Amino acid sequence: MLANLFKPKWQHTNPSTRANAALKLREDNPEQFRILSKLATSDPSQEVREAALSQIEQFDHLIELLNHDTQDSIHFENKIAQQLNESSSPESLIERLRATTSEENAMRIVANSAHATLLGTLVGQIQSEQQLAALATSSAPIAIRKHAAQKIQSTTVIESLLKDTRQSDKAIYRIIKDKLAAAKEAERHATEQTEKAQHIAEQMHTVAHGEWFPLFGATCENLSNEWQDIAAEYCSASTDLYEAAESLAQQRIEEHQAAQLAEQRERQDKEAATKQAEQLIGDIQALLSACDPQQLLNHANLRSELNEQLNNIEARWADAQLSGKTQLHKAFNQELEDARQELAKLAECNEKHEQLRAFLAQTQTPEFQEQSEQERLRQAKKALASAAWPNSLPAPNEVEQLNTLITELQRSREALAKSKAAVTKEINSKLTAFEKAIETGEIKTANKLSRSAQEMLSKLNGDADAHLHQRYRGLQGQLQELKDWQGFAVTPKKEQLCAEMEALAQQDLPPQQKAKQIKKLQQQWRVLDATDPVHSQAIWKRFKAAADLAYAPCEEHFANQGKVRAYNLAQRQTIFDQVTTYLEATDWQNTDWRNVEKVVQTAKEEWRRFIPVDRNPGQKLQDAFNVLLAPVEAHLKSIKEEAKQRKLELIEQAAALTTYDDVSAAAQEAKALQQHWKEAGPTFHSQERKLWRAFRDHCDVIFARLQDSLPSVAEQQSAKSAIQNTLASLEASLEKPRHLELVLAEANNLLSTLIDEENITPKDQQRLARAINQLDNERDRLARAFAQNNDHRVLAAPLDEAEEAVLSDNPVDLQAIPEELGSIEPMNLRREKLLAIIDNRALLEDELTQTGVQARELCIRLEILLNEPSPESDEALRMEYQMQRLQQALERQSRSTDLTDLVALEAEWLALPFKGAYPEYQVRFEGLFSSLLN
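Residues numbered from 1 in each chain as written. Predicted model: local features only at pLDDT ≥ 70, side-chain atom pairs only at ≥ 80, totals over all residues. Heavy atoms only, no water.

### Some remarks on the overall build of the protein chain
Secondary structure assignment for the protein chain yields 38 helices and zero strands. A total of 934 residues make up the protein chain; the buried ones form 37% of that total. Of all intrachain contacts in the protein chain linking residues separated by at least 6 positions in sequence, the fraction that spans at least 24 positions is 70%. Only carbon and sulfur atoms are counted for the fraction: they give 51% of the accessible area of the protein chain, which is about 55,300 Å². (Helix = DSSP H or I, 4+ residues; strand = E, 2+ residues; numbered from the N terminus. Buried < 20%, exposed > 50% of the residue type's maximum accessible area, 1.4 Å probe, protein only. Contact = heavy atoms within 4.5 Å. Areas by Shrake-Rupley, 256 points an atom, 1.4 Å probe, with all protein chains shown as cover.)

### Re the pattern of salt bridges
Any two side chains of opposite charge can pair, on the condition that their charged atoms come close. Applying the stated rule across the entire model yields 22 salt bridges. A salt bridge links Lys 604 to Glu 633; the nearest nitrogen and oxygen atoms lie 2.2 Å apart. Of this pair, Lys 604 sits in helix 26 (residues 593-609) while Glu 633 sits in helix 27 (residues 615-657), placing them 29 residues apart in sequence. The exposure class of Glu 633 is partly exposed, given its relative accessible area of 28%. When the shortest N-O distance is used, the salt bridge between Asp 700 and Arg 696 registers 3.5 Å. You can see Asp 700 and its partner Arg 696 sitting in helix 29 (residues 685-708), four residues apart, about one turn around the helix. Overall, Asp 700 belongs to the buried group, its relative accessible area being 17%. What makes Arg 696 buried here is its relative accessible area of 12%. Within this structure, Asp 800, Glu 803, Arg 830 and Lys 915 form a network of salt bridges that share partners. (Salt bridge = Lys/Arg side-chain N within 4 Å of Asp/Glu carboxyl O.)

### As for the confidence of the model for the protein chain
With 71% of its residues at a pLDDT of 70 or more, the protein chain has an overall mean of 74. Of all the helices and strands in the protein chain, helix 36 (residues 886-894) carries the lowest mean pLDDT, 48, while helix 34 (residues 844-865) carries the highest, 88. (pLDDT = per-residue confidence, 0-100.)

### Some remarks on the packing of aromatic side chains
All told, the structure shown has ten aromatic pairs when counted by the stated rule. When the ring of Trp 677 is compared with that of Phe 695, the centres are 4.5 Å apart and the planes differ by 20°; the resulting orientation is stacked. Residue Trp 677 is located in helix 28 (residues 663-679), and its partner Phe 695 is located in helix 29; the two are separated by 18 residues in the primary sequence. A residue is classified by how much of its surface remains accessible, and Phe 695, at 0% relative accessible area, is buried. Ring pairs connect the aromatic residues Trp 212, Phe 213 and Phe 216, which therefore count as one cluster. (Phe/Tyr/Trp six-rings, centres within 6.5 Å; stacked < 30°, edge-to-face > 60°.)

### Some remarks on unusual backbone geometry
Residue Pro 612 is bonded to the preceding Ile 611 through a cis peptide linkage, with omega at 0°. Positive phi, normally seen in glycine, also occurs at Asp 809, with a value near 60°. Along the chain, Asp 809 turns up in the loop between helix 32 (762-807) and helix 33 (825-839). For Phe 914, which is not a glycine, the phi torsion comes out positive at approximately 55°. By the secondary structure assignment, Phe 914 is in the loop between helix 37 (899-910) and helix 38 (919-930). Residue classification places Phe 914 among the buried residues on the basis of a relative accessible area of 0%.

### Examining the packing of helix 26 against helix 27
In helix packing, the relevant descriptors are the interaxial angle and the interaxial distance, both defined with respect to the helix axes. Relative to each other, helix 26 and helix 27 sit at 150°, their axes nearing to 11 Å. Crossing of helix 26 against helix 27: the hand is left-handed. Contacts from Trp 593, Val 596, Glu 597, Val 600, Ala 603, Lys 604 and Trp 607 of helix 26 reach helix 27 at Leu 621, Gln 622, Phe 625, Leu 629, Val 632, Glu 633, His 635, Leu 636, Ile 639 and Lys 640. Residue composition of the contact of helix 26 with helix 27, by class: eleven nonpolar, two polar and four charged. (Axes fitted to C-alpha atoms, helices over the stretch in contact; angles between N-to-C directions. Left-handed = near helix turned anticlockwise from the far one by under 90°. Nonpolar A, V, L, I, M, F, W, Y, C, P; charged D, E, K, R; others polar.)

### Regarding the packing of helix 11 (residues 142-151) against helix 13 (residues 170-208)
Where helix 11 contacts helix 13, the axes come no closer than 10 Å and their chain directions differ by 15°. Compared by their axis directions, helix 11 and helix 13 come out roughly parallel. Helix 13 is crossed by helix 11, and the crossing has right-handed handedness. Contacts between helix 11 and helix 13 involve Ile 142, Arg 145, Lys 146, Ala 149 and Gln 150 on the former and, on the latter, Ala 171, Ile 172, Ile 175, Ile 176 and Lys 179. Split by residue class, the contact of helix 11 with helix 13 holds six nonpolar, one polar and three charged. (Parallel < 35°, antiparallel > 145°, perpendicular 65-115°, else oblique.)

### As for the nonpolar core
Counting residues in hydrophobic clusters, the biggest one holds 21 residues, and the most contacted among them are Ala 22, Leu 36, Leu 39, Ala 52, Ile 56 and Ile 80. Taken together, the elements giving at least two residues each to this core come down to helix 2 (15-22), helix 3 (30-42), helix 4 (46-54), helix 5 (59-66) and helix 6 (73-86). In terms of residues, this core owes the most to one element, helix 3, which gives five residues. In contact with Ala 52, not counting residues within four places along its chain, are Ala 22, Leu 36, Leu 39 and Ala 40. (Core = buried A, V, L, I, M, F, W, Y, C linked by side-chain atoms within 4.5 Å.)

### Some remarks on the environment of Leu 835
Note on placement: Leu 835 falls in helix 33. By relative accessible area, which is 26% here, Leu 835 ends up partly exposed. Spatially, the C-alpha atom of Leu 835 lies 8.8 Å from that of Leu 814, the residues being 21 residues apart in sequence.

### Here we look at the side chain of Gln 622
Of note, Gln 622 is situated in helix 27. For Gln 622, a relative accessible area of 3% corresponds to the buried category. Among the polar contacts listed, one links the side chain of Gln 622 to the side chain of Arg 572, at a separation of 3.4 Å. Look past the residues within four positions of Gln 622 in its chain and what remains in contact with it is Arg 572, Trp 607, Ser 808, Asp 809 and Asn 810. (Polar contact = N/O pair within 3.5 Å; in protein donor to acceptor, adjacent residues only side chain to side chain.)

### Describing helix 29
An ideal rise of 1.5 Å per residue puts 34 Å on 24 residues; helix 29 measures up with 35 Å between its terminal C-alpha atoms. Residues Leu 691, Trp 692, Phe 695, Arg 696, Cys 699, Asp 700 and Ile 702 constitute the buried set of helix 29. (Expected span 1.5 Å × (residues − 1).)

### Looking at helix 3
Between its first and last C-alpha, helix 3 extends 18 Å over 13 residues, near the 18 Å set by a 1.5 Å rise per residue. Every buried residue of helix 3 is listed here: Phe 33, Ile 35, Leu 36, Ser 37, Leu 39, Ala 40 and Thr 41. Where helix 3 begins, the capping side chain belongs to Asn 29, and its oxygen is found 3.0 Å from the backbone nitrogen of Glu 31.

### Some thoughts on the environment of Glu 641
Relative to the assigned elements, Glu 641 resides in helix 27. Glu 641 gets classed as partly exposed once you look at its relative accessible area, which sits at 31%. Along the primary structure Glu 641 and Pro 682 are separated by 41 residues, whereas in three dimensions their C-alpha atoms are 9.6 Å apart.

### A short note on the environment of Leu 162
Along the chain, Leu 162 falls in helix 12 (residues 155-165). Judged by relative accessible area, Leu 162 falls into the buried class, the value being 12%. Non-local contacts of Leu 162, meaning those with residues more than four positions away in its chain, are made with Tyr 173, Ile 176, Lys 177 and Leu 180.

This is the structure we're talking about:
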């Protein structure tokens, strides 16, 4: 107790006393700040630590405490983040934060503040590959980690990060994997380009030192163009060899061209002497005939120019030394004299024309306008009388203008007296609205009203009342003051937009994304500029220059995309023309509609390959293509509808046969119906399986009744044979699955009939029991697996429709695409790819190429799994696939087909995006798979 009397209260044993003492300490006192730091970081009481922290406000002090790595570091981070939120210049505080603490701490604090958008800028300033790698695997937001991963360039760091993220972070793993692939591709490209540069240099050396030949120059130009296409960094090793060879080749080309020019010049000189004299005379004649006298009259510079041209022609005659040609010389002099006399006549008339122009120009001056209308009318009449334009020349427009002016002055003088009262009233109304616009701060409206009021005051030509002018000047002063205040508020926002545009110009973004950002900033500028009364040209030029710099890579990208779209559009036009020719040449009365359907399907597949295209011409061509195919597709649909109706009738007939008294006759009729079923042809794929099952169920009932009606003696005699056949059928189905539902139904019917037979041997009973057990297991596995694939099919349906719209260049209903596809990761991945391609159609070509490869491989795998032959064109690929998986192939020879493998293969097929672009693979895979059950 005595010791507590002499200890400072901040060292008291009671936490509340220490907390109260901490609240009395100040951080601007160094000694008290040392005590506060100690209490805030090491006091065992939470209350005391919070009280001490509440007394610390300086930014640098908080960072110093944060670096102590205490248990309350989260409280320090929150308080620093709060100061960032309250600061008017958070950028400077963030720089101090980064300079005094770890990058990870800085990133976490900024992320918790209201300035989380600055994280991307901070990541962009990190230069250390190791720091970027650490940030990519940290707990920072995913967008920041992706940004950091994108900045990493070191192959060593990429390979290390690839190992670290393989199992822990799929998003970062995909980014790093793509960057590693890009680095390897760049290395391969560099080697290829270097070898190409060496080859071009050697070719140029061979050509330069070889014999001259007619295509010498063209060959050198082609080699030079190929050299220019190669980047400079790939040419350094071959530059000396190439430049020496190119210099020699250029020298030889120049020497050859000089010799040819000398020969040509000698021939031309001989022919030019005679033609030149005739040409100069023709030049004078052509010069005069080409000139419009009215234009020469109105424009002194044209007359001067014509005179100068005549002097030039005369000088050319003298230089050509053609005076010895007497007849041509006389004709030349006569033409020249006539032209100069015409110019002199026009110059005399032009003086009067200039007088009229001068007076009309005077009428536009303020001095003339300030004169009374009576005085202006007198002067105009005097100027018209003094012009006295000659009748031999058409009167110029100025005479008509002067007459018009006189007429207008006379009418204006009459109308002014009538309109002054109405104009004065309207001016008062405009000024009232002008004053109201200033009060509400509507600068644009106020400017418009100011100009309108000024125009009306000028209409009165100085006759307006003095109080109107005084009121107008007062409102103009208020408007200027309002403009000054608003200009002061808008300028910092414009400077911020300039800074954002300059930063955007330095960012490495996809062209479409960058163009979208540029457009967004430009829209913000226009909104600000609409309220800016100053319109500073300096800040506009800065923003414009940054926008042009940022858009430069986008412009090149869009130009390249335009070429691709033009080529695709041309290919689609070719397809359209070919289909049109085929349909016009088809005899629709005697045609095979299956072949027509195949041609239409092939045309659609080729059509989808050539995307993207320009929107307007592409949409027009798409509409024309749809119209072209609509009648054919409608007829094909009607054929399938007829097949559907026919099969429904067969199902009704089969259902009726199930109740016939004559079982044998019913079985014969059922076989006939089965033949009719085949002849009816295919119907819609979505209905075919359902119809077949219904038909097959009725047939099963008919044949089961036939089996029940057989004599019991025959059953006993054939029991053993039936068991042997059933077991053989089951074993064959397990080896090579086909029509499993039919096999299972028939086996169950037979087994349920024979299971209780007494003449079955114990060995047959054991074999039969094992077959039943295996059959039940396979049925259970199949049921569970197909239940899972039903979910896949339901999820795949809206994706199939959206992908078909993309392939057909039709609008995509984004609302029909599910927001989330549950826990089925492959289907989620398919959805992400679809959304990415909808945003950027340029990704579609690569995705279609990858889908084609995967679809073909899945077809081969299914054929291997079912021991079915592959098409001849795929036999080599099938052999390669089997050699790669030799052990699985050997195991496949020694055991039955695993139905779970088949279902898993179907799940892969359902998760495959844009497979609708390859209908040949769809028919091949789905037809083979559907035969397993039907």
